[in-house]
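Results of the structural survey
Listed below, chain by chain, are the residues.
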Amino acid sequence: MRDDPASAFARAVGGRLIHVTAAANLPRIRAEGLRPAADLAARAGIDPAAIRLRARPLALPGALLNHQRPLLMGRAKAFLDPPLTLADWAGLLDARVFLWPDGRGTAFAAALADREAIVLTVAPKALFAALPGALWLSPVNSGDASRRPARRGPWLWVPADDLRGFATNRMRRGLATRPDRVAEVSVTGQVPPELIGFP
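Residues numbered from 1 in each chain as written. Predicted model: local features only at pLDDT ≥ 70, side-chain atom pairs only at ≥ 80, totals over all residues. Heavy atoms only, no water.

**What about the nonpolar core?**
- Counting 28 residues, the largest nonpolar core has Phe9 and Leu127 as the members making the most contacts within it.
- Sorting the residues of this core by element identifies helix H1 (5-13), helix H2 (26-32), strand S4 (97-101), strand S5 (117-122), helix H8 (124-130), strand S6 (135-138) and strand S8 (184-187) as the ones contributing at least two each.
- Apart from the residues lying within four places of it in its own chain, the contact partners of Phe9 are Leu17, Pro124, Leu127, Phe128, Leu135, Leu137, Ala160, Leu163 and Val185.
- Trp89, Ala90, Leu93 and Trp157 belong to the second-largest nonpolar core, a separate cluster that totals 18 residues. (Core = buried A, V, L, I, M, F, W, Y, C linked by side-chain atoms within 4.5 Å. Buried < 20%, exposed > 50% of the residue type's maximum accessible area, 1.4 Å probe, protein only. Helix = DSSP H or I, 4+ residues; strand = E, 2+ residues; numbered from the N terminus. Contact = heavy atoms within 4.5 Å.)

If you want it as structure tokens, here you go:
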């Protein structure tokens, strides 16, 4: 008997998903959930293009955005499909909220060591039920280009309801020799506060 889509998604990503952010963001997240950085910038009256390629955390009204130093370590021609630039890719990242299977966010939390970080949790089944068309899977941390970054383009993100297509996505392009496993879940939109487990 095959899993229903929500159960299959939960099995692929594990028992829970986590989001790591600065503790200063907690009041806003409690009130309105998680929003993409580009959305937060636009709501503050800032052109989202102006926040790309952040070398340090950026304070917005009611929000502290994480830096993008792991992306800045890469050279676009080494890992991005042409004609994408680092700024283009940063813009694509800023349009998403990122979650990780439990245990994979440790390195990201360490990157926030210059300020207090909190870990939020999200139940996979509830997330899939609420936002089935807004969930995307990646086999790599799509914002990290620090060590031999994997090839990527917009095709890297596969809809969460296409687990079979996700597993073979890079194999079909000659970029992997075995099926991929989920390393990252992204959301193109808001994750409402009622789906979030707070510390």
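**Side note on the sheet that holds strand S7 (residues 158-159)**
- Taken in spatial order, the seven strands make up an open sheet running S7-S6-S8-S4-S1-S5-S9, and their pairing is antiparallel. This sheet does not close on itself; its edge strands, each paired only once, are S7 and strand S9 (196-197).
- Packed on one face of the sheet, H1 meets strand S1 (17-22), S4, S6 and S8 and runs near 35 degrees to S6. (Pairing = 2+ DSSP bridges. Axes fitted to C-alpha atoms, helices over the stretch in contact; angles between N-to-C directions.)

**Brief notes about the environment of Leu65**
- Looking at where Leu65 falls in the secondary structure, it is placed in strand S3 (residues 63-65).
- Residue class for Leu65 comes out buried when judged on its relative accessible area of 5%.
- Separated by eleven residues in sequence, Leu65 and Arg54 place their C-alpha atoms 8.8 Å apart.

**A look at the pattern of salt bridges**
- If you walk through the whole model with that rule in mind, you get seven salt bridges.
- Taking the shortest distance from any N to any O, the salt bridge between Glu32 and Arg35 comes out at 3.2 Å.
- Between Asp39 and Arg35 there is a salt bridge, with the nearest N and O atoms lying 3.0 Å from each other.
- On the basis of relative accessible area, Asp39 is assigned to the partly exposed category, the value being 26%. (Salt bridge = Lys/Arg side-chain N within 4 Å of Asp/Glu carboxyl O.)

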